[in-house]
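# Coordinate inspection notes
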Amino acid sequence: DLNGVLDSAVLGGSVEFVTEVVFSGVGNANPDSGQLLITGINNSKLRLIVIDSVNVDILLDEDGDGIFEQTLNTTWVAIEAA
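In this text, all values refer to a predicted model and were calculated from it rather than measured experimentally.

### A word on the sheet that holds strand E2 (residues 13-24)
With antiparallel pairing, six strands are arranged side by side in an open sheet as E1-E2-E3-E4-E5-E6. The open sheet has two free edges, formed respectively by strand E1 (3-8) and strand E6 (70-75), since each of these has just one partner strand. Ignoring which end each strand starts from, the neighbouring axes of this sheet average 20 degrees apart. Here E2 runs beside strand E3 (residues 33-39); their pairing, made up of six bridges, is antiparallel. Its bridge partner being in E3, Glu 16 is matched across the sheet by Thr 39.

### Observations regarding unusual backbone geometry
For residues other than glycine, phi is negative in most cases, and the peptide bonds are mostly trans. Positive phi outside glycine occurs at Asn 42, with the angle close to 55 degrees. Within the element layout of this structure, Asn 42 appears in the loop between E3 and strand E4 (45-50). A positive phi angle, close to 65 degrees, is found at Asn 43, a residue other than glycine. Relative to the helices and strands, Asn 43 resides in the loop between E3 and E4. The exposure class of Asn 43 is partly exposed, given its relative accessible area of 38%.

Scoring rules and cut-offs
Residues numbered from 1 in each chain as written. Predicted model: local features only at pLDDT ≥ 70, side-chain atom pairs only at ≥ 80, totals over all residues. Heavy atoms only, no water. Pairing = 2+ DSSP bridges. Helix = DSSP H or I, 4+ residues; strand = E, 2+ residues; numbered from the N terminus. Axes fitted to C-alpha atoms, helices over the stretch in contact; angles between N-to-C directions. Buried < 20%, exposed > 50% of the residue type's maximum accessible area, 1.4 Å probe, protein only.

Below, the structure written as structure tokens:
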């Protein structure tokens, strides 16, 4: 469970992050549940939803209108490699 603001020149300003559903898992394994919302410039949003300990959905609201226009189905391995 983590909430805060990250200010970064690399990101082009500040982003706010809020744990909407606490991340949980077993031992050193990737989380198997949880949800995180990141809000950036112009109210754009990224929502990360844990599907299980392997799979993650990333929803994108690029224009900040509150509608997530795109969903990316990915894995923890892909996120860790990025």
